[in-house]
There are 2 protein chains.
Amino acid sequence: MQEKLSIKHIANLVGTSITTVSFVLNGKAKEKHISEKLTEKILQVVAELDYQPNSIARSLRTGKTKIIGFLVDDISKPFFSGIARVIDQKASARGYKIIFSSTGNDKKRISEILNIFKDRHVDGYIVAIAEGLEEEIGKLISGKAPVVFFDRYLPELDADYVLTDNFQSTATASQHLLDNGFKNIGFVTIDTEQQQMLDRLQGYTDTVKRAKAKPQVLKIKYTNSEDSTEKIKSFLQDNPELDAVIFAANYLTMDGLRLSRIGEEQLLSSKAILSFDDFELLEFISPSITAIEQPIEELAENIVQLLLKKLNAGDVKNGGERSVLKINAKLNVRQSTKGLVN
Amino acid sequence: MQEKLSIKHIANLVGTSITTVSFVLNGKAKEKHISEKLTEKILQVVAELDYQPNSIARSLRTGKTKIIGFLVDDISKPFFSGIARVIDQKASARGYKIIFSSTGNDKKRISEILNIFKDRHVDGYIVAIAEGLEEEIGKLISGKAPVVFFDRYLPELDADYVLTDNFQSTATASQHLLDNGFKNIGFVTIDTEQQQMLDRLQGYTDTVKRAKAKPQVLKIKYTNSEDSTEKIKSFLQDNPELDAVIFAANYLTMDGLRLSRIGEEQLLSSKAILSFDDFELLEFISPSITAIEQPIEELAENIVQLLLKKLNAGDVKNGGERSVLKINAKLNVRQSTKGLVN
DNA sequence: CTGAAAGCGCTTACAG
DNA sequence: CTGAAAGCGCTTACAG
């Protein structure tokens with residue numbers, strides 16, 4: 001536990017200067033023409049003593065902390081904690097650590113957190129926020145801080161994004177239903193301008209139209225779960241010809257399944273059900289429900305890669321071009337949509 | 001964006017020394033007998049320019065980073081991400097930030113992560129690890145680092161713990177079943193020496209015995225989910241007199257519910273079911289299932305409080321006494337256990 | 001009541 | 001090929 005090991009000790013032990021030790025430690029031995037012998041000797045002593053340079057002193061000097069700020073609505077949401085887990089892995093492997101905070105969609109809280117992150121001198125930011133909160137976060141981008149957004153696309157923010165390919169996901173899902181013989185596919189979404197919901201809708205309508213079928217869409221003005229369930233009920237009652245339904249978000253799937261709570265399970269039981277977003281319940285209930293699974297691993301990998309690319313290109317002041325990456329989702333086919341074929 | 005604001009600028013603007021500014025900023029104005037006038041003026045300039053001391057420089061000087069390392073199996077498990085969210089809130093409010101990592105129960109990974117945390121000079125640790133990994137973590141404690149453990153009690157580690165009161169939780173649950181008229185209560189657990197599982201078992205047996213009833217316990221040597229479901233099936237078939245069953249962990253509840261997958265739902269449908277650990281599914285299925293909910297908010301609050309107490313008592317070298325806090329769980333009563341009364 | 005100066009442990013221009 | 005020294009922005013013993 002010789003805690004107080006410093007570069008000075010190493011230099012003394014080897015019989016050289018801290019400058020030389022520092023160069024070797026930073027892989028600049030070659031560049032600085034340090035002799036191989038000296039380099040070897042330094043590395044050996046460092047290894048023997050298990051010396052690690054003080055990261056804080058380094059941060060103070062270089063201005064880099066190798067810390068990334070991770071900002072989401074609520075870290076305990078499965079999607080976000082899943083992303084957090086993988087991001088931490090990927091970032092750790094590259095020498096970065098993550099600090100996180102949950103905004104709770106509160107404007108004041110966002111500003112506070114960004115202030116804390118800035119105070120901590122984070123090197124970069126990974127952010128997912130909802131519409132309407134662009135202003136708070138806009139300063140970050142105009143301040144040239146390296147930021148990667150994910151989950152939500154915010155048209156007002158000209159920035160870098162890593163997103164699930166929402167269009168592709170529902171297009172594939174719709175095609176899956178058509179391929180399995182379903183002809184009248186309904187689509188339940190919310191009444192919104194959110195880009196990801198519009199994309200999901202578009203993926204559905206384009207695919208259905210190409211098959212010469214007629215889109216049947218329910219756009220719910222979302223207030224609460226009970227109301228939503230009622231509207232789904234009416235929609236299904238008014239359109240008895242539907243043989244399949246796609247729910248465009250996990251909470252809509254839940255609201256649909258709650259029909260069984262109000263004794264209306266027969267409205268769904270005859271139909272193929274497909275959910276955007278996958279969760280444990282869907283695999284468990286009977287019949288198990290086909291779902292679009294967000295590609296967490298790939299999203300996380302791309303987020304980290306993109307951010308690190310920006311961090312390392314930090315010197316290039318012009319910012320370079322913006323990236324909007326769309327990652328393909330996975331379709332987990334289960335009992336609910338196999339009906340007409342298997 | 002005058003990024004490069006430093007204590008020197010403030011001192012110059014006010015016309016004093018950085019020493020005085022530092023004293024004022026650290027609330028030592030009184031102690032150091034700085035005149036009220038000067039203090040006021042400094043605070044005013046600081047407020048005007050929105051100056052914030054560089055936290056890294058401060059860390060280098062003081063040796064404190066105000067960062068806490070959070071170490072769990074898997075940050076994406078609902079219990080852990082829930083705890084993480086609340087801990088972040090509580091810690092943020094006190095000027096601390098959390099960095100986390102997931103161990104995946106891998107010994108090598110644990111050592112790596114602890115090394116990273118140490119390298120980052122975290123002030124303290126919040127840790128939940130499984131049995132068998134004590135050795136890796138033991139060095140932390142013997143090294144006098146401030147650590148608070150939660151979730152798991154590890155008898156070998158003489159340390160500070162914050163735990164759900166497992167004994168109380170199943171005692172209360174058992175009493176609830178007895179109060180509602182159930183007489184033959186079964187208990188499904190695993191064959192283990194894990195303290196928390198033993199406590200849950202004890203809470204049940206003590207309560208049942210006090211009511212002059214006979215404990216009926218299934219201890220599963222856990223290998224996999226399918227096998228577990230089979231053993232639960234046999235247990236229920238062999239003990240037809242049971243009118244209630246407590247599952248001692250969420251995965252056991254799931255295994256029990258999977259009886260419906262193998263056409264054996266009637267084994268459970270006639271019985272009151274009660275689950276240790278609550279999750280969405282339990283509220284959703286029909287009948288909804290009564291569950292013991294871990295007190296995440298209180299656990300988090302106590303973890304943070306205890307750790308900060310240790311951090312602030314850092315000067316007191318004798319370490320003080322150890323704490324083992326047990327927090328009461330909550331019983332969420334649902335349809336499954338109301339049968340005989342309502 | 002206040003300030004000059006050392007020092008936390010690094011990195012890096014500069015000099016030789 | 002190598003090293004003395006400045007400096008990152010603070011805190012704090014010491015001096016007055």
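Scroll up a little and you will see the structure.
Source: prediction; values computed, not measured. Within every chain, residues take consecutive numbers counted from 1 along the sequence as written. Chain labels run from A onward and ligand labels from 1 onward, assigned in the order the entries are written. A pLDDT threshold of at least 70 governs which residues receive local features in this predicted model, and a stricter bar of 80 or more applies before side-chain atom pairs are shown or counted, although totals over entire chains, interfaces and linings include all residues. As a convention, hydrogens and water are excluded, and side-chain values are obtained from all of the structure's heavy atoms.

**Side note on the packing of aromatic side chains**
Working definition: an aromatic ring pair is given by the centre-to-centre distance plus the angle between the planes. Defined as follows: Pairing of aromatic side chains here covers Phe, Tyr and the six-membered ring of Trp, requires ring centres within 6.5 Å, and sorts the geometry by plane angle: under 30 degrees stacked, over 60 edge-to-face, intermediate tilted. Note on exposure labels: buried denotes an accessible area under 20% of the residue type's maximum, exposed denotes more than 50%, and partly exposed covers the range between, all computed with a 1.4 Å probe on protein chains only. Throughout this description, the term charge over a ring refers to an Arg CZ or Lys NZ atom that lies within 6 Å of the ring centre and within 35 degrees of the ring normal.
This model, assessed by the stated rule, comprises 19 aromatic pairs over all chains. Between the aromatic rings of F117 of chain B and Y125 of chain B, the centroid separation amounts to 6.2 Å while the plane-to-plane angle is 45°, which identifies the pairing as tilted. The exposure class assigned to Y125 of chain B is buried, which follows from its relative accessible area of 5%. Just above the ring of F276 of chain A sits the side chain of R200 of chain A; from NZ or CZ to the centre is 3.5 Å.

**Looking at the side chain of S169 of chain A**
Residue and element names in this part refer to chain A. This is how the line gets drawn: Only DSSP runs of H or I reaching four residues or more are called helices, and only runs of E reaching two or more are called strands; each is numbered from the N terminus. Residue contacts are counted whenever heavy atoms from the two residues lie within 4.5 Å of one another.
With respect to the helices and strands, the residue S169 is situated in helix α8 (residues 166–179). Given a relative accessible area of 3%, S169 falls into the buried group. Other than its neighbours up to four places away in sequence, S169 contacts F276, I292 and A329.

**Description of the packing of helix α2 (residues 18–25) of chain B against helix α3 (residues 36–49) of chain B**
Residues and elements named next belong to chain B. Our working rule: Orientation is described by lines fitted to C-alpha atoms, with helices fitted over the stretch in contact, and by angles between N-to-C directions that extend from 0 to 180 degrees. These descriptions rest on fixed angle ranges, namely under 35 degrees for roughly parallel, over 145 for roughly antiparallel, 65 to 115 for roughly perpendicular, and the rest for oblique. Lys, Arg, Asp and Glu make up the charged group, whereas Ala, Val, Leu, Ile, Met, Phe, Trp, Tyr, Cys and Pro make up the nonpolar group; the residues left over, Gly among them, are polar.
One way to put it is that α2 packs onto α3 with a least axis distance of 10 Å and a crossing angle of 85°. Taken together, α2 and α3 sit at an angle that is classed as roughly perpendicular. Residue-level inspection shows T20, V21, V24 and L25 of α2 in contact with α3, the latter providing L38, T39, I42, L43 and V46. Here the residues of the contact of α2 with α3 sort into 7 nonpolar, 2 polar and no charged.

**With respect to the nonpolar core**
Applied cut-off: Buried Ala, Val, Leu, Ile, Met, Phe, Trp, Tyr and Cys residues form a nonpolar core when they are joined through side-chain atoms within 4.5 Å.
Residues V188 and L236 of chain A together with V188 and L236 of chain B are the most contacted members of the largest nonpolar core, which totals 87 residues. Not counting chain neighbours up to four residues away, the residues in contact with V188 of chain A comprise L218, I220, I232, F235, V245, I246, F247, A248 and L252 of chain A. Of all hydrophobic cores here, the second largest spans 56 residues; its members include I87 of chain A together with V72, I75 and L311 of chain B.

**Regarding the protein's contact with DNA strand C**
This is how it is decided: Any residue with a heavy atom positioned within 4 Å of a molecule or strand is treated as near that molecule or strand. Side-chain atoms alone can form a polar contact between residues adjacent in sequence; in general such a contact is a pair of N or O atoms within 3.5 Å, and within protein one must be able to donate a hydrogen while the other accepts it.
Neighbouring DNA strand C are 26 residues; S22, Y51 and R61 of chain A together with T16 and T19 of chain B lie closest to it. By atom count, sugar and phosphate contribute 59% of the portion of DNA strand C lying within 4 Å of the protein. Between DNA strand C and R61 of chain A there is a distance of 2.4 Å, counted from a base oxygen to a side-chain nitrogen or oxygen. Here a phosphate oxygen of DNA strand C sits 3.0 Å away from a polar atom, N or O, in the side chain of T20 of chain B. If you list the elements that add at least two residues to the surface near DNA strand C, you get α2 (18–25) and α4 (55–62) of chain A together with α2 and α4 (55–62) of chain B. For the surface near DNA strand C, the per-class residue count stands at 9 nonpolar, 12 polar and 5 charged.

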